[in-house]
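Examination of the molecular architecture
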Amino acid sequence: MGELMPTDRGEVLKHVFNQYDRHRRGELSALELQSLHGDIRMGGISYPQVLASMKYVCANPDVCTLEELHDVLQEMDRRYFLVQDLRWEFSLLDREQRDMINEHQAMWMVQAMHGKNFSRRKWAAFLKNRAIPGTLVAFAEIEVLLCNVKSSLDVLQDNEEEERDRQAELERKRLREEEERKERERINRLRDEERHRKEEEKQKHEEEARRKMMDEEGERRRKQQELEEEERRKEEQRLRELEERNREEEERRRREEQEKYKDAEKVVSDTEEEEKSLLEQLRIVREKLKVETDEHKRRQLEEEEQRLLRLLYDLRHKRIRYSLKVAIKERDRYKLQYSINEFKTEKVEDVDMDLEKAERLLREITSRDNLRKAVSRREIEELEKAINVIKKNGLEVQLARELIEANTILTRLRKIQRIRSEILELKQSTVAEIRSYQNPPPVVHTVMTACFLILGHKEKETKDWKTVQALVGKTGKEGLKRRCLECDASKISMESARRAKELLDKHELDEVRDVSAGAATFYVFSVAMVEEVFDLAERGPIPDDDDDPNAPSDPKVKAKGPQRIDPTKMILNRGRQVVTTTSTSTTVVKSRTKTPTRKS
């Protein structure tokens with residue numbers, strides 16, 4: 001049958017249309033169209049596909065007119081053949097042959113079919129409108145989506161819907177931002193109110209805590225000072241009792257030493273004279289040996305020489321022993337050092353146990369000198385070390401008076417150190433509180449004036465409170481805290497200390513503390529430094545070794561003591577060395593003759 005002409009096609013379509021338009025309404029419904037297409041194509045297409053075709057082609061998506069029949073049938077044919085191919089692709093994804101695939105596979109299939117025209121909004125609407133969202137997807141659910149072609153109306157509708165969604169999203173965002181802004185403002189307002197309330201409560205609590213802490217700190221400091229003072233009094237009492245007992249023992253010991261060593265100087269002097277006499281005899285014998293040729297007489301002279309050397313050796317040891325007795329009697333540190341070293345070097349036999357007594361006496365004198373130096377230098381570590389050495393050596397009884405003085409000074413130095421630690425730990429806000437006063441309380445102005453007097457300023461400088469504010473506000477090396485930490489009591493003039501004491505005596509610590517915690521700390525510091533200045537002035541500096549009038553002027557003598565010639569160490573070498581002695585000096589002269597050396 002050949003191809004129909006346009007006029008014939010119109011007649012055929014009209015004939016077919018009239019055949020299925022049983023009610024003669026001039027239009028076909030979806031069911032009638034489905035029946036018509038099913039008679040043309042075996043199996044036809046599903047009812048939803050028919051509705052989608054009518055919606056795509058017909059002006060009225062519910063009915064199809066004669067003029068629209070040809071286009072609708074073409075659309076239905078397109079869908080018919082497309083469904084055949086898509087069913088095959090669906091079966092490839094359906095590996096378990098359940099005629100079902102998951103939602104992800106279904107979306108991939110629709111996206112692959114539509115490409116850039118794929119609409120996520122429509123896919124989301126499809127998933128939302130499913131009877132049971134999240135379950136496996138049948139082919140019948142997505143066949144219309146797969147076959148649909150995006151028309152200009154769809155594009156327009158999509159654009160309109162996207163614009164509406166965008167506007168709605170912008171409106172929601174604006175409303176949300178507005179609500180968030182209002183909520184933030186409300187929260188900030190509440191936070192500000194809460195913060196102000198908490199700050200007020202905090203200030204109130206801090207003020208109460210500060211007062212409580214100041215009271216507790218004052219009570220703790222008072223108890224600590226009472227405890228330290230009690231311990232110091234007990235220690236002082238114990239040391240005074242030891243000193244009392246030691247005084248009687250010392251007097252008895254001194255009398256015994258005076259009695260025992262009363263002739264020691266004379267023995268030393270006599271021994272030295274005997275040494276000189278023997279040295280002169282030794283010189284004469286050796287001069288005779290130089291010229292004597294008779295062998296018998298030479299042997300007699302050599303025997304005489306050996307006898308004289310033995311006598312010199314005994315005399316030397318005797319002199320060393322009695323020199324040590326003299327040093328013990330005189331209690332001279334440098335003589336003791338020299339005599340002890342000489343005693344040990346010559347290995348003199350300690351018959352009277354004087355060496356042990358001399359060493360104990362030297363430790364006592366050295367410990368006393370070191371303690372006095374530590375007291376003079378006013379260094380806590382050095383002072384504690386000197387006291388510990390005395391206790392370790394068991395010299396508390398002998399040095400009881402010095403320990404009482406040292407413990408008193410150590411207590412004061414620890415107090416100053418504790419005050420400096422409190423100044424170091426002062427918060428900047430506490431120092432700023434003093435500076436913040438425009439019209440300071442008189443007690444604060446008085447305390448700061450005394451403090452700056454201690455630090456070296458003139459009183460007229462501190463009469464103007466603005467000058468005091470400027471001094472308090474300085475930082476770095478000129479900062480108030482640093483200057484207090486580096487303050488040296490020995491460099492404070494007595495005039496400044498007296499004037500500061502007059503100012504500080506006008507107020508009590510509790511009075512100052514009730515007004516300002518920072519001023520109370522500087523009050524305690526100033527009082528302690530004034531006490532230290534007065535104590536230094538009362539005690540005066542203790543001279544070092546270089547200022548000691550009893551010390552030898554020659555530094556070599558300090559270390560070694562007086563130098564002596566030891567004739568017992570001479571080597572008798574008649575041919576090689578000749579020993580000549582004049583007065584107290586000995587000279588060794590070299591000789592050209594070479595004979596064997598003989599040691600004594």
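Located above this text is the structure these notes cover.
Presented here is an overview of the structure given in this document. Treat the numbers as computed from the prediction; the structure is a model and nothing was measured.

1. Thoughts on a nonpolar patch on the surface
A cluster of nonpolar side chains, contributed by Leu 31, Tyr 47 and Leu 51, occupies part of the molecular surface with about 270 Å² of accessible area. If you trace the backbone, Leu 31 turns up in helix α2 (residues 30-40). The exposure class assigned to Leu 31 is exposed, which follows from its relative accessible area of 55%.

2. Observations concerning helix α7 (residues 139-147)
Every buried residue of α7 is accounted for by Phe 139, Ile 142, Glu 143, Val 144, Leu 146 and Cys 147. Those residues of α7 that are buried lie in contact with α3 (47-57), α4 (66-93), α5 (103-114), α6 (120-128) and β2 (137-138).

3. A look at the nonpolar core
By size, the foremost hydrophobic cluster in this structure holds 40 residues, and its most contacted members are Met 448, Leu 480, Phe 522 and Phe 525. Listing elements by their share of this core, those giving two or more residues are α14 (400-424), α15 (428-436), α16 (442-454), α17 (465-473), α18 (480-485), α19 (494-504) and α21 (517-539). Element by element, the count of residues in this core is highest for α21, at 10 residues. The contacts of Leu 480, once residues within four sequence positions are left out, are Met 448, Cys 451, Phe 452, Leu 455, Val 472, Lys 474 and Phe 522.

4. Structural notes on the side chain of Ser 367
Mapped onto the elements of the fold, Ser 367 is located in helix α12 (residues 354-377). The residues touching Ser 367, leaving out its near neighbours within four places in the chain, are Val 389, Ile 390, Asn 393, Leu 395 and Leu 399.

5. Examining the packing of α15 against α17
If you want to describe how two helices pack, look at the angle between their axes and the distance between the axes. Where α15 meets α17, the axes come as close as 9 Å, and the angle between the chain directions of the two elements is 160°. Here α17 runs roughly antiparallel to α15, going by the angle between their axes. Viewed along their axes, α15 and α17 form a crossing whose handedness is left-handed. In this structure, α15 uses Val 431, Ile 434, Arg 435 and Ser 436 to contact α17, whose residues at the interface are Trp 465, Gln 469, Val 472 and Gly 473. Considering only residue class, the contact of α15 with α17 consists of four nonpolar, three polar and one charged.

6. Details of a negative patch on the surface
Negative charge collects at one region of the surface, where Asp 215, Glu 216, Glu 508, Glu 511 and Asp 514 lie side by side. Residue assignment for the negative patch shows that the elements contributing at least two residues are α8 (152-260) and α20 (509-515). Among the secondary structure elements, Glu 508 is positioned in the loop between α19 and α20. Owing to a relative accessible area of 56%, Glu 508 belongs among the exposed residues under this scheme.

7. Some thoughts on the pattern of salt bridges
Across all of its chains, the model carries 24 salt bridges by this definition. Put simply, Glu 96 and Arg 98 hold a salt bridge, and the shortest N to O gap is 3.0 Å. Glu 201 is the partner of Arg 197 in a salt bridge, and the nearest nitrogen-oxygen pair spans 2.6 Å. Separated by four residues within a single helix, Arg 197 and Glu 201 lie in helix α8, roughly one turn from each other. With relative accessibility at 36%, the residue Arg 197 sits in the partly exposed group. What makes Glu 201 partly exposed here is its relative accessible area of 34%. One network of salt bridges, in which partners are shared, links Glu 75, Arg 78 and Arg 79.

8. Description of the packing of aromatic side chains
Counted under the stated rule, the structure contains three aromatic pairs. Relative to Phe 139, the ring of Phe 90 lies with its centre 5.4 Å away and its plane at 70°, an arrangement referred to as edge-to-face. Within this pair, whereas Phe 90 is found in helix α4, its partner Phe 139 is found in helix α7, the two being separated by 49 residues in sequence. Like Phe 90, the residue Phe 139 is buried in the burial classification. Aromatic side chains Trp 123 and Phe 126 sit 5.0 Å apart centroid to centroid with 35° between the ring planes, which places their arrangement in the tilted category. Note that Trp 123 and Phe 126 are positioned in helix α6 at a spacing of three residues, about one turn of the helix. Considered together, Trp 123 and Phe 126 belong to a single accessibility category, that of buried residues.

Rules used throughout
Residues numbered from 1 in each chain as written. Predicted model: local features only at pLDDT ≥ 70, side-chain atom pairs only at ≥ 80, totals over all residues. Heavy atoms only, no water. Patch = residues over 30% accessible without salt bridge, like charges linked within 9 Å, V, L, I, M, F, W, Y side chains within 5 Å. Areas by Shrake-Rupley, 256 points an atom, 1.4 Å probe, with all protein chains shown as cover. Salt bridge = Lys/Arg side-chain N within 4 Å of Asp/Glu carboxyl O. Helix = DSSP H or I, 4+ residues; strand = E, 2+ residues; numbered from the N terminus. Buried < 20%, exposed > 50% of the residue type's maximum accessible area, 1.4 Å probe, protein only. Contact = heavy atoms within 4.5 Å. Core = buried A, V, L, I, M, F, W, Y, C linked by side-chain atoms within 4.5 Å. Axes fitted to C-alpha atoms, helices over the stretch in contact; angles between N-to-C directions. Parallel < 35°, antiparallel > 145°, perpendicular 65-115°, else oblique. Left-handed = near helix turned anticlockwise from the far one by under 90°. Nonpolar A, V, L, I, M, F, W, Y, C, P; charged D, E, K, R; others polar. Lys, Arg positive; Asp, Glu negative; His and termini not counted. Charge placed at Lys NZ, Arg CZ, Asp CG, Glu CD. Phe/Tyr/Trp six-rings, centres within 6.5 Å; stacked < 30°, edge-to-face > 60°.

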